[in-house]
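Report on the structure
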Amino acid sequence: MAASTKTMLRMCLLAVVFMQCLLTTPSQAQGLCPVSLTLPGACASDRPTWDCFLSLDGRYGASAMIQKCQCSNAGGGSHICSCLGVCSAVGGGAV
């Protein structure tokens, strides 16, 4: 095989591999899922969403990409942190 033919073949193979890496099937999509955690005490008055983020991020790790947190007092001396996280990391179905 000529050198230019080998180079062209390598470039085509590289392009196919690159395009395949860019494509995702619906089952591979990184959707967001709701996740919640009940914690003791009331929501922090000065930064409730930040405290919820830290609690859920600590539980699931950075790969969960926790976002859009909300804190609500549940009564009985506890509060509920509700956030969204990457489904594959938090174990849920896509929203």
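Preceding this paragraph is the structure being described.
Counting starts from 1 at the beginning of each chain's written sequence and moves along it residue by residue. Local features in this predicted model are restricted to residues of pLDDT 70 or higher, and side-chain atom pairs are both shown and tallied only at a pLDDT of 80 or more, whereas totals for entire chains, interfaces and linings draw on every residue. The basis for the side-chain values is all heavy atoms of the structure; hydrogens and waters are excluded.

**Considering the pairing of strand β2 (residues 67-75)**
Quick reminder of the rule: Here, strands pair whenever DSSP counts at least two bridges between them. Only DSSP runs of H or I covering at least 4 residues are called helices, and only runs of E covering at least 2 are called strands; the numbering of each starts at the N terminus.
As defined by bridge partners, β2 adjoins strand β3 (residues 78-86) across six bridges and the pair is classed as antiparallel. Each bridged residue has a counterpart across the sheet, and for Q70 the counterpart in β3 is S82. Taken together, β2 and the strand that follows it, β3, pair antiparallel across an intervening segment of two residues, in which G76 is found at a positive phi of about 65°.

**Some points on the nonpolar core**
The criterion, for reference: What we call a nonpolar core is a set of buried Ala, Val, Leu, Ile, Met, Phe, Trp, Tyr and Cys residues that are connected through their side-chain atoms within 4.5 Å. Three exposure classes are used, based on accessible area relative to the maximum for each residue type with a 1.4 Å probe and protein chains only: buried under 20%, partly exposed in between, and exposed over 50%. Residues count as neighbours in contact if any of their non-hydrogen atoms are within 4.5 Å of one another.
By size, the foremost hydrophobic cluster in this structure holds 13 residues, and its most contacted members are V35, L56, I66, C83 and V90. Mapped by element, the contributors of at least two residues to this core are β1 (32-40), α2 (48-60), β3 and α3 (87-90). Element by element, the count of residues in this core is highest for β1, at four residues. Once residues within four sequence positions are removed from consideration, I66 is found in contact with V35, F53, L56, D57, C83, L84, G85 and V90.

**Some thoughts on the state of the cysteines**
So the rule is basically this: Pairs of cysteine sulfur atoms within 2.5 Å are identified as disulfides in what follows.
According to the stated counting rule, one finds four disulfides in the structure shown. The disulfide partner of C43 is C71, and the gap between their sulfur atoms is 1.9 Å. With the S-S dihedral at roughly -95°, the linkage between C43 and C71 falls on the left-handed side. Here C43, found in the loop between β1 and α2, pairs with C71, found in strand β2; they are 28 residues apart in sequence, far enough to count as distant. Residue C43 is classed as buried on the basis of its relative accessible area of 18%. Disulfide partner of C52: C81, at an S-S distance of 2.2 Å. Note on the C52 and C81 pair: the S-S dihedral is about -70°, so by sign convention the disulfide is left-handed.

**As for the pattern of salt bridges**
Any two side chains of opposite charge can pair, given that their charged atoms come close. Using the following cut-off: A pairing counts as a salt bridge when a side-chain nitrogen of Lys or Arg comes within 4 Å of a carboxyl oxygen of Asp or Glu.
For the structure shown, the criterion picks out one salt bridge. Its salt-bridge partner being D51, residue R47 comes within 3.2 Å of it at the nearest N-O pair.

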